[in-house]
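Overview (structure and organization)
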Amino acid sequence: MAKIIVVTSGKGGVGKTTTSAAFATGLALRGYQTVVIDFDVGLRNLDLVMGCERRVVYDFINVINGEGNLNQALIKDKRVENLFILPASQTRDKDALSLKGVLKVLETLRKRFEFIVCDSPAGIEHGAIMAMYFADEAIVVTNPEVSSVRDSDRIIGMLSSKTRRAVQNLPAIKEHLLVTRYAPKRVTSGDMLSVEDVQEILAIPFLGVIPESKSVLQASNSGIPVTLDKKSDAGQAYLDVVARFLGEEPPVREKKGFLTRLFKN
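Reading the values: rules and limits
Residues numbered from 1 in each chain as written. Predicted model: local features only at pLDDT ≥ 70, side-chain atom pairs only at ≥ 80, totals over all residues. Heavy atoms only, no water. Helix = DSSP H or I, 4+ residues; strand = E, 2+ residues; numbered from the N terminus. Rg over C-alpha atoms; globule rule 2.2 N^0.38 Å. Buried < 20%, exposed > 50% of the residue type's maximum accessible area, 1.4 Å probe, protein only. Contact = heavy atoms within 4.5 Å. Areas by Shrake-Rupley, 256 points an atom, 1.4 Å probe, with all protein chains shown as cover. Pairing = 2+ DSSP bridges. Expected span 1.5 Å × (residues − 1). Arc of directions from axis to C-beta. Axes fitted to C-alpha atoms, helices over the stretch in contact; angles between N-to-C directions. Left-handed = near helix turned anticlockwise from the far one by under 90°. Nonpolar A, V, L, I, M, F, W, Y, C, P; charged D, E, K, R; others polar. pLDDT = per-residue confidence, 0-100. Salt bridge = Lys/Arg side-chain N within 4 Å of Asp/Glu carboxyl O. Core = buried A, V, L, I, M, F, W, Y, C linked by side-chain atoms within 4.5 Å.

Some details on the overall build of the protein
When helices and strands are counted, the protein shows 13 helices and eight strands. Its C-alpha radius of gyration of 17 Å places the protein within 12% of the 18 Å reference for a compact globule of 265 residues. C-alpha extents for the protein along the principal axes are approximately 55 × 40 × 30 Å. Taken over 265 residues, the protein has a buried fraction of 56%. Taking the intrachain contacts of the protein between residues at least 6 apart in sequence as the baseline, contacts between residues at least 24 apart amount to 74%. Only carbon and sulfur atoms are counted for the fraction: they give 49% of the accessible area of the protein, which is about 12300 Å².

Thoughts on the pairing of strand β7 (residues 174–182)
For β7, a buried count of seven out of nine residues is recorded, marking the element as mostly surrounded by other parts of the structure. Note that strand β6 (residues 137–142) and β7 share six bridges and pair parallel. Bridge assignment links Glu137 to a residue of β7, and that residue is Lys174.

Let's talk about helix α5 (residues 99–110)
The terminal C-alpha atoms of α5 lie 16 Å apart, and with twelve residues this matches the ideal 16 Å at 1.5 Å per residue to within 8%. Where α5 is concerned, the buried positions are Gly101, Val102, Val105, Leu106, Leu109 and Arg110. Projected onto a plane normal to the axis of α5, the buried residues spread over an arc of 170° and lie on a single side. Summarising the geometry of α5, the exposed residues directed more than 90 degrees from the buried face are Lys100 and Lys104.

Considering helix α6 (residues 126–133)
Structurally, the α-helix is built with 3.6 residues per turn, so residues lying three or four positions apart point the same way. Across the eight residues of α6, six count as buried, placing the element largely inside the fold. Every buried residue belonging to α6 is among Gly127, Ala128, Met130, Ala131, Met132 and Tyr133, and all of these are buried. Where α6 is buried, its residues meet β1 (3–8), α5, β5 (115–119), α7 (146–159) and α8 (164–167).

Remarks on the packing of helix α1 (residues 16–29) against helix α12 (residues 233–245)
Between α1 and α12, the shortest axis-to-axis distance is 9 Å and the interhelical angle comes to 65°. Between α1 and α12 the crossing geometry is right-handed. Facing α1, whose interface residues are Thr18, Thr19, Ala22, Phe23, Gly26, Leu27 and Leu29, α12 presents Tyr238, Leu239, Val241, Val242 and Phe245. When its residues are assigned to classes, the contact of α1 with α12 shows nine nonpolar, three polar and no charged.

Digging into the packing of α7 against helix α10 (residues 195–202)
Interhelical geometry of α7 versus α10 gives an angle of 35° and a closest axis separation of 10 Å. The element α7 and its partner α10 pack so that their crossing is right-handed. Of α10, the residues touching α7 (which contributes Val149, Ser152, Asp153 and Ile156) are Val198, Ile201 and Leu202. Of the residues assigned to the contact of α7 with α10, the class counts are five nonpolar, one polar and one charged.

A few points about the confidence of the model for the protein
Per-chain confidence: the protein averages 91 in pLDDT, with 94% of residues scoring 70 or above. Throughout residues 254–258 the model reports pLDDT below 50, and contacts reaching past four residues in sequence, or to other chains, amount to six contacts.

Let's talk about the pattern of salt bridges
Under the counting rule described, the total for this entry stands at ten salt bridges. For Arg92, the salt bridge goes to Glu67, with nearest N and O atoms at 3.0 Å. One end of the pair, Arg92, is in the loop between β4 (83–86) and α5; the other, Glu67, is in the loop between α3 (60–64) and α4 (70–73), with 25 residues separating them in the sequence. Overall, Glu67 belongs to the partly exposed group, its relative accessible area being 39%. Between Arg110 and Asp136 there is a salt bridge; the shortest N-O distance is 3.6 Å. Of the two residues, Arg110 sits in helix α5 while Asp136 sits in the loop between α6 and β6, which places them 26 residues apart along the sequence. Residue class for Arg110 comes out buried when judged on its relative accessible area of 17%. Judged by relative accessible area, Asp136 falls into the buried class, the value being 14%.

Thoughts on the nonpolar core
Core analysis: the largest hydrophobic core is formed by 52 residues, its most contacted members being Phe39, Phe60, Leu97, Val102, Leu109 and Ile116. If one sorts the elements of this core by residue count, α7 sits on top with five residues. Within the second largest apolar cluster, 35 residues are counted, among which are Ala28, Phe115, Leu207 and Val216.

Laid out in structure tokens, this is it:
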């Protein structure tokens, strides 16, 4: 049975779509049949980050409304075997998403894929609830800034109260904390929260940290998930996150840095 993972946060601009693309790509690189869905109806950025915007003919809402089928809407990644993208619509609004419609699509995808990654829109409105409602696990993405962490705390509250697992009194969604755009020098100068501070505030299991890196923006502008950039420290960090998510313990890349302290036994 496929596992549904929502990539979420309360604040925009923290790297949810970058994370969704990188994480899904990392899973596919490990040989898992993976699909990543853009729930940000009306904006639709995932296809840009994945470099397939010119190949979008049918979208998520077309499938929900019966205007096209999944085979028509799914886009196979040109670089990574086992990876598919289901784009959002640019011409509809988030109210076009319904629990019944989303469930129908997810149930069909479960028969074909091992991992379904849901790229959530920012905030706590309808689109975000649709993205998280059927999730088995959640990656809560936050920047090490007070406003971002506060908004992520609100999202954690929603994961425990507004999802199917909460409503039906099922085992809780498994939560993971991912800290992005981390700059140790800014932490030292007091301009940024430390990872330990973020962990203490949010109090959910820690999955990893992605360093601030120009390669992330360069990859997004090029339509290439950063995990495919073998020279990028951020790309390598995302691959470590995937390994950790799969239950592995990847080697610490910075022997004397903050990562050693975070992941030491």
